[in-house]
Amino acid sequence: MATQHSTPPMDFSTKKQLHIAVFPWLAYGHIVPFLRVSQFLAQKGHRIYYISTAKNISRLPKLPPNLSSNISFVPLSLPHVDGLPPGVESTSELPIQKVPFLKKAYDMLQTQLADFFKRSPQIKVIIHDFCPYWLPPVAVQFGISLVYFSILSASTIAFCSCPSDMLDKKRVSPEDFTVVPVWMDYPNNIAFKLHEIAGHQECEDTITDLERHETLLLNCKIMAMRTCYELEPEALRVLTRIHQKPIVPLGLLPPSLSSIQDTRDENWEALKKWLDTKQEMSAFYVALGSEVNLSHELMHELAYGIEKSELPFIWVVRKPPLVEQQSAENMIPPGFEERVSNRGLVLRGWAPQLKILAHSSIGGFLTHCGWSSVIESLGVGKPLILFPIGSSDLGLVARLMHGKKVGLEIERNNVDGSFTSDSVAMCIKRVMVDPDGEQFRANARVMKEIFGNIQLSDNYLNEFTRKLEII
């Protein structure tokens, strides 16, 4: 059971500069939203100490000159752990089965973090992620208050939460996680499928993600998350009721389109030229994230489905981590690229995702359902072809978006996750062109006013800043 530690109250009787540590999990989808929040707080005049490993810090985008004096990067040395390949410091460099070794190494950062706090008595707040379950007693030792920032949706957090009066009825079996929890007392379909639970268990350490989350939620002063009331009012209401502490949405933190339009990129110029030849909303974009590792069999089935759709597309294929190049080349069926060359592009490696999604010829996004990717797509009004693969909350995001009718989930076997190329093609065509898919397209255009609204997100960040300053 999670242990509650006695933490000092946050007492800022007058508005003054706060010294705030920021400590994300070692995944790019975490470190970037944490940097976005850090930059906003720095703009408000607060002093930020962004803590991560040296390699992850080096991957971050360059700070605007006006913020560099208020944000310091604090590199920690990731300890060696047997089973973790040398030089690996993020989830994007690992297959899912090896993520537990990264968690073990992350947990061993406790001593270095405590040493930093000892040298930095001015720090009184730390904004942390789901992983450092060991942080509460460290925070008590140095008089630091915990602010838990989850990059996940409120629906995901509500699904993972458990009211205190139900702790004796905790979910244990995989089947327990395939039904909507009773405390989510509003119409919804938020639950895992059986194959998703099995996939997630592959990246669990001896301390489960749920145990980490529960410990930190119990001990934090504020629970913040990447969502807004305009999208998830019911889930936020549930969280406020069952946890009896400030539940603070930070907005969706959408990326700024203006920031991508000012940069010139030769690769993008070639892509744009290709996209410009396509009719408006006629092509779809396929990207499965940097950490997804499908078997060759399923990758081929996906490819055949994309081919059967007979629609123009751009597919970004990334070599799985720690996989031999020859094996990576076989991920695409022989002859596939030649057969679709008149209407499809297969890109290997990185691609300017937001630029592609924002182009007028893109009409849909076949996505692994990472929350950041969903936000980018709906931020430019593009509907979703939902294909949750991998671990974490991807299946829950797919159910949320399916329920909001901004996308359609590819039909899969609930037990083993298998699917057919016909189900892939059917889903693509329904979202993209079929008359009965117009509701998805129309709803995605409406959602642009929420997901792409930077001012709305900034209003939430302003309220979060105020709570840090006055609680």
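Quantities reported herein were computed from a predicted structural model and do not represent experimental measurements.

Colleague: Where do I start with the overall build of the protein in this structure?
Modeller: Counting secondary structure elements, the protein contains 20 helices and 13 strands. A compact globule built from 471 residues would reach a C-alpha radius of gyration of about 23 Å, and the protein, at 22 Å, matches this within 12%. When its C-alpha atoms are laid out on the principal axes, the protein stretches across 65 × 50 × 45 Å. A total of 471 residues make up the protein; the buried ones form 58% of that total. When the accessible surface of the protein is totalled, it reaches about 19800 Å², and 53% of it is carbon and sulfur. Of the charged side chains in the protein, 47 are positive and 50 negative; the average position of the first set lies 6 Å away from that of the second.

Colleague: Which parts of the structure should I look at to understand helix α19 (residues 438–451)?
Modeller: Because each turn of an α-helix spans 3.6 residues, side chains separated by three or four positions in sequence point in the same direction. With 14 residues, α19 extends 19 Å from end C-alpha to end C-alpha; this agrees with the ideal 20 Å at 1.5 Å per step. For α19, the principal kink sits at Arg445 and spans about 25 degrees. Every buried residue of α19 is listed here: Phe440, Arg441, Ala444, Met447, Ile450 and Phe451. The inward-facing, buried residues of α19 contact α16 (371–379), α17 (394–403), β13 (407–409), α18 (421–432) and α20 (454–470).

Colleague: Would you explain the sheet that holds strand β10 (residues 344–348) in this entry?
Modeller: Strands belonging to one sheet form pairs held by backbone hydrogen bonds; the direction of such a pair is parallel or antiparallel. Ordered by their spatial adjacency, six strands build an open sheet running β10-β9-β8-β11-β12-β13, and the pairing between neighbours is parallel. Two strands lie at the open edges of the sheet, namely β10 and β13, each paired on one side alone. Shown here is a sheet whose adjacent strand axes are inclined to one another by a mean of 15 degrees, direction ignored. Sheet topology note: the strand β11 (residues 362–367)/strand β12 (residues 384–386) ladder contains three bridges and is parallel. Paired with Phe365 across the strands is Leu384, a residue of β12. Strand contacts of α18: β8 (283–287), β11, β12 and β13, with the helix running at about 160 degrees to β12, the strand carrying the most contacts.

Colleague: Help me understand the confidence of the model for the protein in this model?
Modeller: If pLDDT is low for a region, its predicted coordinates should not be looked at in detail. With 91% of its residues at a pLDDT of 70 or more, the protein shows a mean pLDDT of 91. Counting interchain partners and residues more than four positions distant, the pLDDT-below-50 stretch residues 7–14 has 21 contacts.

Colleague: I would appreciate a short explanation of the environment of Val346 in the present structure.
Modeller: Note that Val346 resides in strand β10. Leave out the neighbours within four places in its chain, and Val346 touches Phe313, Trp315, Val317, Phe336 and Glu337.

Colleague: What should I look at first to understand the side chain of His46 in this one?
Modeller: Considering the arrangement of structural elements, one finds His46 in the loop between α1 (28–43) and β2 (47–53). On the basis of relative accessible area, His46 is assigned to the buried category, the value being 2%. Beyond its immediate chain neighbours, meaning those up to four positions away, His46 contacts Lys16, Gln17, Leu18, Ile20, Leu41, Asn70, Thr465 and Glu469.

Colleague: Would you mind showing me how to read the nonpolar core here?
Modeller: Nonpolar side chains in soluble globular proteins generally cluster together in the buried interior. Core analysis: the biggest nonpolar cluster contains 129 residues, and Phe117, Tyr285, Trp371, Met401, Phe451 and Phe464 have the highest contact counts within it. Here this core gets seven residues from one element, more than from any other, and that element is α1. Look past the residues within four positions of Tyr285 in its chain and what remains in contact with it is Ile314, Val316, Ala351, Gln353, Ile356, Leu357, Ile362, Gly364, Phe365 and Leu366. Counting 32 residues, the second largest nonpolar core, distinct from the first, contains Phe387, Ile389, Cys427 and Ile428.

Colleague: Is there a simple way to think about the sheet that holds strand β1 (residues 19–23) in this case?
Modeller: Strand order across the open sheet formed by seven strands is β3-β2-β1-β4-β5-β6-β7, with parallel pairing between neighbours. Every other strand in the sheet has two partners, leaving β3 (71–76) and β7 (247–249) as the edge strands with one partner each. Ignoring which end each strand starts from, the neighbouring axes of this sheet average 25 degrees apart. By the bridge criterion, four bridges tie β1 to strand β4 (residues 125–128) in an arrangement that is parallel. Bridged to Phe23 within β4 is His128.

Colleague: How should α1 be read in this particular structure?
Modeller: The terminal C-alpha atoms of α1 lie 23 Å apart, and with 16 residues this matches the ideal 22 Å at 1.5 Å per residue to within 8%. Residues His30, Ile31, Pro33, Phe34, Leu35, Val37, Ser38, Gln39, Phe40, Leu41 and Ala42 constitute the buried set of α1. Looking at the residues trailing α1, positive phi occurs at Gly45, about 95 degrees.

Colleague: Would you take a moment to explain the pairing of strand β6 (residues 222–225) for this structure?
Modeller: Along a regular strand, successive side chains alternate from one face of the sheet to the other. Burial of β6 is two-sided: the residues Ile222 and Ala224 facing one way and the residues Met223 and Met225 facing the other way are all buried. Relative to β6, strand β5 (residues 145–150) runs parallel, the two being bridged by four bridges. Bridge pairing in β6 places Tyr148 opposite Met223. With three bridges joining them, β6 and β7 adopt parallel strand pairing. For Met225, the partnering residue across the bridge sits in β7 and is Pro249. Chirality of the crossover, the property in question, places the unit of β6, helix α9 (residues 233–243) and β7 among those that are right-handed.

Colleague: Even after reading the chapter, I still don't get unusual backbone geometry, so can you show me in this structure?
Modeller: Look at Leu253: it is not a glycine, yet its phi comes out positive at around 50 degrees. Here Leu253 is to be found in the loop between β7 and α10 (257–261). In the Ramachandran plot, Lys405 falls in the positive-phi region, its phi being about 60 degrees despite a non-glycine side chain. Mapped onto the elements of the fold, Lys405 is located in the loop between α17 and β13. Classification of Lys405 as partly exposed rests on a relative accessible area of 40%.

Parameters and conventions
- Residues numbered from 1 in each chain as written.
- Predicted model: local features only at pLDDT ≥ 70, side-chain atom pairs only at ≥ 80, totals over all residues.
- Heavy atoms only, no water.
- Helix = DSSP H or I, 4+ residues; strand = E, 2+ residues; numbered from the N terminus.
- Rg over C-alpha atoms; globule rule 2.2 N^0.38 Å.
- Buried < 20%, exposed > 50% of the residue type's maximum accessible area, 1.4 Å probe, protein only.
- Areas by Shrake-Rupley, 256 points an atom, 1.4 Å probe, with all protein chains shown as cover.
- Lys, Arg positive; Asp, Glu negative; His and termini not counted.
- Charge placed at Lys NZ, Arg CZ, Asp CG, Glu CD.
- Expected span 1.5 Å × (residues − 1).
- Bend = angle between axes of the 7 residues up to and from the residue.
- Contact = heavy atoms within 4.5 Å.
- Pairing = 2+ DSSP bridges.
- Axes fitted to C-alpha atoms, helices over the stretch in contact; angles between N-to-C directions.
- pLDDT = per-residue confidence, 0-100.
- Core = buried A, V, L, I, M, F, W, Y, C linked by side-chain atoms within 4.5 Å.
- Right-handed = clockwise from strand over helix to strand, strands pointing away.

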